[in-house]
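# Fold and geometry: a report
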Amino acid sequence: MSGFNEYSTIAAVATPLGTGGVSIIRISGEDAMLIADKCFKSVLGKKLTDSDGYRAHYGKIFDKEKPIDEAVCLVFKKPHSYTGENVVEINCHGGIYITKKILQTVISCGAVPAAPGEFTKRAFLNGKLDLSEAESVMNLISAQGEQGISAAYNMLEGSLSKKINEICSSLISAAANIAAWVDYPDDEIPEISDDNLKIILNNANNELNKLLSRFDSGMAVTSGVEAAIVGKPNVGKSTLMNLMTGYDRSIVTEIEGTTRDVIEETVNLGGCLLRLSDTAGIRNTCDEVEKIGVERSKSKIERAAVIFAVFDFSKPLSDEDFELIESCKNKSVIPIINKEDLKPQADIDYIEKNLGKCIYISAKNGSGYDELCSAVTDLLNTKNFDTSSAMLANERQRLCCEKASKSLTEAENALEIGLTLDAVGVCIDDAVNNLLELTGEKASEAVVNEVFSRFCVGK
Ligand code: GDP
């Protein structure tokens, strides 16, 4: 991934680049201690190459002959480290310049700069964690609030991997049984009964569907779900966005079509993390630039886990409102009646009949905000979210799970209509392959590289 061979010794700053008490430069690879010894001298004169693992050494960092900082070096010996390789962590003073300077010194002593996520990728390649656990590191970093931390921590501890492995092993033993029976008809291998097979497929599919149904709630408490504010121009979308973000992120004007593109921001609403977009509105327009924005708004509606459909309390419903109601039907929508401080004109009954209970707010003066937060937690079902149960950590995992579930449904249908057992076996194999891709046991190099490229450098 980095262009260097997998065995080179890598280094990067593991702490955020900013001014603080302490910064950490992490070195991982066969020569970690050897390289650190070239620029670090302990006050006791002990070489890091002679050190036991899990030891801290106090001393000085040298750039050539010149001391540049005091530091504590932590030594971890393979395989007992985060990456499974030899690791040295240099704890130095937390200034941006000094941290960069020490990293440069380490690199001049023989380490190569680590690529994004390369430490965690090596941990994965060395069997320290599986792919889904590695991904949960990202969820833990981005988690906000008690629920988020607890859910991400359980993922990191392997709650999802354990669940997927259980499902996989029941499917693999069923598939093996079918394969043996199909391949060796003359041997006395007992045919797995249709009823038994149905139970196995049904149980496995139920478990996968449980995971899929918890996806949005889990994401809402860890790394956030997509949410969109939609509505015709001038209903108060930008004002609502500003109310949610707590500052003037969107431009508020009285001229229609001011927000020409999608503006995105992460907000915490009632403990739910939303990646919120204030959209261009969905008006019919001849303005080419605005047209692109309108198209993006429409695609946001298709993808979003929460849609805030905003209507103006003070105006009768227009064609654009009716069009919006149609496109939001049967979606995860919260209908919002904005400008409740003004005289009512809108046909609320019609909106409620089509989209469910409305929330009344005034985005301008902040009334109705608490009700809006409750509506979000109800919709995403986060209040009673069980953080100790297995959950999917991202879209990649959700897709693998969805494909596996689809294959199991096909297997169940094949069984139902009396297709041969090997046809059922093919569907089960597909399901297993998707689950093994989820945990990384059978993920292609391209998938693995893609996963780690989303990490930050130093992780
Ligand atoms: P957008 O085009 O949907 O983004 O609408 P804006 O947020 O730009 O708001 C359009 C106009 O409506 C502005 O003049 C806002 O001040 C006003 N407005 C927004 N929310 C409210 C509200 O709750 N009450 C009143 N009276 N005016 C509002």
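Just so it is clear, the model here is predicted, and its values are computed rather than measured. (Residues numbered from 1 in each chain as written. Predicted model: local features only at pLDDT ≥ 70, side-chain atom pairs only at ≥ 80, totals over all residues. Heavy atoms only, no water.)

Take the site of the ligand next. Close contacts around the ligand come from 18 residues, with Asn 234, Lys 237, Ser 238, Thr 239 and Ser 362 the closest. Separating an oxygen atom of the ligand from a backbone N or O atom of Val 235 is a distance of 3.3 Å. Residue Ser 238 places a side-chain N or O atom 2.8 Å away from an oxygen atom belonging to the ligand. When the ligand is considered free in solution it has 590 Å² of accessible area, and contact with the protein chains removes 90% of it. Per-element accounting of the shell around the ligand gives the leading share, three residues, to helix α9 (residues 237-245). Partitioning the shell around the ligand into residue classes produces five nonpolar, seven polar and six charged. (Near = heavy atom within 4 Å. Polar contact = N/O pair within 3.5 Å; in protein donor to acceptor, adjacent residues only side chain to side chain. Areas by Shrake-Rupley, 256 points an atom, 1.4 Å probe, with all protein chains shown as cover. Helix = DSSP H or I, 4+ residues; strand = E, 2+ residues; numbered from the N terminus. Nonpolar A, V, L, I, M, F, W, Y, C, P; charged D, E, K, R; others polar.)

Now for a nonpolar patch on the surface. Taken together, the side chains of Val 43, Leu 44, Tyr 58 and Val 72 present a nonpolar region at the surface, about 420 Å² in accessible area. Positionally, Leu 44 belongs in the loop between β3 (40-42) and β4 (55-63). (Patch = residues over 30% accessible without salt bridge, like charges linked within 9 Å, V, L, I, M, F, W, Y side chains within 5 Å. Salt bridge = Lys/Arg side-chain N within 4 Å of Asp/Glu carboxyl O.)

This part is about the pairing of strand β8 (residues 225-230). Taken residue by residue, a regular strand's side chains alternate between the two faces of the sheet. Taking burial as the measure, the six residues of β8 include five buried ones, the bulk of the element. Judged from the four bridges that link them, β8 and strand β11 (residues 306-312) form a sheet pairing that is parallel. Among the inter-strand pairings, Ala 227 is bridged to a residue of β11, identified as Val 306. (Buried < 20%, exposed > 50% of the residue type's maximum accessible area, 1.4 Å probe, protein only. Pairing = 2+ DSSP bridges.)

Let's shift gears to the sheet that holds β4. Reading across the sheet, the seven strands line up as β3-β4-β5-β6-β2-β1-β7 and stay open at both edges, with mixed pairing between neighbours. Of all the strands in the sheet, the pair left with one neighbour each is β3 and β7 (112-113). Sheet analysis places strand β1 (residues 10-13) next to β7, joined by two bridges and oriented parallel. Looking at the pairing, Ile 10 lines up with Val 112 of β7. In the packing of helix α2 (residues 96-108) onto the sheet, contacts are made with β1, β2 (20-28), β4, β5 (66-76), β6 (87-94) and β7, and the angle to β6 comes to roughly 150 degrees. In the packing of helix α3 (residues 118-125) onto the sheet, the strands contacted are β1, β2 and β7, and the crossing angle to β1 comes to about 135 degrees. (Contact = heavy atoms within 4.5 Å. Axes fitted to C-alpha atoms, helices over the stretch in contact; angles between N-to-C directions.)

As a further point, take the side chain of Thr 245. Along the polypeptide, Thr 245 turns up in helix α9. Among the polar contacts made by the side chain of Thr 245, one reaches the main-chain carbonyl oxygen of Asn 242 at a distance of 3.4 Å. In contact with Thr 245, other than residues within four places in its own chain, are Glu 265 and Val 267.

Turning to α2, a few remarks are in order. Along an α-helix, residues three or four apart share an orientation, since each turn contains 3.6 residues. The terminal C-alpha atoms of α2 lie 18 Å apart, and with 13 residues this matches the ideal 18 Å at 1.5 Å per residue to within 8%. What α2 keeps buried is the set Ile 98, Thr 99, Ile 102, Leu 103, Thr 105 and Val 106. The buried residues of α2 occupy one face: seen down the axis, they fall within an arc of 160 degrees. Pointing more than 90 degrees away from the buried face of α2 are the exposed residues Tyr 97, Gln 104 and Ser 108. Each element contacted by the buried residues of α2 is listed here: β1, β2, α1 (32-39), β4, β5 and β6. Looking one or two places after α2, you find Gly 110, whose phi comes out positive at around 125 degrees. (Expected span 1.5 Å × (residues − 1). Arc of directions from axis to C-beta.)

Helix α16 (residues 445-453) packs onto α3 with a crossing angle of 140 degrees between their chain directions and a minimal axis gap of 9 Å. In terms of axis orientation, α3 runs oblique to α16. Relative to α16, α3 is oriented so that their crossing is right-handed. For the pair α3 and α16, contact is made by Thr 120, Lys 121 and Phe 124 and by Val 448, Asn 449 and Phe 452, respectively. A per-class count over the contact of α3 with α16 returns three nonpolar, two polar and one charged. (Parallel < 35°, antiparallel > 145°, perpendicular 65-115°, else oblique. Left-handed = near helix turned anticlockwise from the far one by under 90°.)

Time to look at the pattern of salt bridges. For the structure shown, the criterion picks out 19 salt bridges. Between Glu 135 and Arg 396 there is a salt bridge, and its shortest N-O distance comes to 2.8 Å. A residue pair is termed long-range when its members are at least 10 positions apart, and Glu 135 in helix α4 (residues 131-142) and Arg 396 in helix α14 (residues 395-416) qualify at 261 residues. Across this residue pair, the class does not change: Glu 135 and Arg 396 are buried. Each of Lys 162, Lys 163, Glu 166, Glu 207 and Lys 210 takes part in salt bridges that share partners, so that together they form one network.

Turning our attention to helix α11 (residues 319-328). All of the buried residues along α11 are Asp 321, Leu 324, Ile 325 and Cys 328. Projected down its long axis, α11 shows its buried positions confined to an angular sector of 100 degrees, all on one face. Downstream of α11 by a residue or two, Asn 330 has a phi angle that is positive, lying close to 60 degrees.

Structural measurements only, silent on function.
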